Amino acid sequence: METRGTMFKIGVRTVIALLVAGVGAGLLVAGVCLAVGMRFPYAHPAIAVLLALLSVALGYLGWQVRALRAGKSAKMHALRAAQVALGAQTATIFGVFTFAYLVVMLGFSLTHPEGSWQWQNWALGANALSSLVFAIVGGVVQYWCHIDEDDEGEGNFASAS
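Residues numbered from 1 in each chain as written. Predicted model: local features only at pLDDT ≥ 70, side-chain atom pairs only at ≥ 80, totals over all residues. Heavy atoms only, no water.

1. A look at the packing of helix α2 (residues 46–69) against helix α4 (residues 118–145)
Inference 1: Interaxial distance between α2 and α4 falls to 9 Å at its minimum, and their mutual angle equals 10 degrees. As judged from the angle between their axes, α2 and α4 are roughly parallel. Between α2 and α4, the contacting residues are I47, A48, L51, L54, S55, L58, G59, G62, W63, V65, R66 and R69 on the first element and A126, N127, S130, S131, V133, F134, V137, G138, V141, W144 and C145 on the second. (Axes fitted to C-alpha atoms, helices over the stretch in contact; angles between N-to-C directions. Helix = DSSP H or I, 4+ residues; strand = E, 2+ residues; numbered from the N terminus. Parallel < 35°, antiparallel > 145°, perpendicular 65-115°, else oblique. Contact = heavy atoms within 4.5 Å.)

2. Focus: the side chain of S130
Inference 1: Along the chain, S130 turns up in helix α4.
Inference 2: On the basis of relative accessible area, S130 is assigned to the buried category, the value being 8%. (Buried < 20%, exposed > 50% of the residue type's maximum accessible area, 1.4 Å probe, protein only.)

3. Some details on the nonpolar core
Inference 1: If you look at the biggest cluster of nonpolar residues, it comprises 15 residues, and the most contacted ones within it are L58, V65, M76, A81, V84, V141 and C145.
Inference 2: Contributions of two or more residues to this core are made by α2, α3 (78–111) and α4. (Core = buried A, V, L, I, M, F, W, Y, C linked by side-chain atoms within 4.5 Å.)

4. Here's the deal with the environment of F97
Inference 1: Looking at the element boundaries, F97 is found in helix α3.
Inference 2: Along the chain, F97 and V20 lie 77 residues apart, while their C-alpha atoms are 8.2 Å from each other.

5. Points about a nonpolar patch on the surface
Inference 1: Judged by side-chain polarity, L129, L132, V133, I136 and V140 come together as a nonpolar surface patch covering roughly 400 Å² of accessible area.
Inference 2: Looking at the element boundaries, L132 is found in helix α4. (Patch = residues over 30% accessible without salt bridge, like charges linked within 9 Å, V, L, I, M, F, W, Y side chains within 5 Å. Areas by Shrake-Rupley, 256 points an atom, 1.4 Å probe, with all protein chains shown as cover. Salt bridge = Lys/Arg side-chain N within 4 Å of Asp/Glu carboxyl O.)

6. Some points on the environment of G11
Inference 1: Here G11 shows up in the segment before α1 (12–36).
Inference 2: Considering only alpha carbons, one finds G11 and G139, 128 residues apart in sequence, at a separation of 9.6 Å.

7. Comments concerning the side chain of Q120
Inference 1: Counting through the fold element by element, Q120 comes out in helix α4.
Inference 2: Each residue touching Q120, except ones within four places of it in the same chain, is listed here: F40, P41, Y42 and A43.

8. Section: the confidence of the model for the chain
Inference 1: Confidence along the chain averages 84 in pLDDT terms, with 83% of residues attaining 70 or more.
Inference 2: A low-confidence stretch, residues 1–5 (pLDDT under 50), is modelled with 5 contacts involving residues beyond four sequence positions or located in other chains.
Inference 3: Within the model, pLDDT remains below 50 along residues 154–161, and this stretch shows 12 contacts once partners closer than five positions in the same chain are excluded. (pLDDT = per-residue confidence, 0-100.)

This is the structure in structure tokens:
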């Protein structure tokens, strides 16, 4: 598989694999917690706020890359655009895996009330939702940052270097 000249994008197979891995990790952790008789891991609601802020920041930077590709941005340059693309890939990977894990933990937490506190269910739901938003924003920014093979050395990024 030749990837020189193109940016690797997170594909559907990778997303499905991450969802399966997140569900597996959630089942493993929940099973161990139930077997040992301890409460489920603590999910602080501040994580949801942090992921929401990171989603906004990544969306803003992605918008700047989109403007650079259109030839309108003076705030973004090619190296920073590559860093934003890498951040978008990371956001997608982290967001998808964490979403799957948190949904499983929320499911176990709701069906086994002895294993969690009521407010923790709300925190798990908020964290799962913000993880999903983070993954979606990462996917959209990846789309905006995509560089085709024919873009190499000419066009949009050449004037920014």
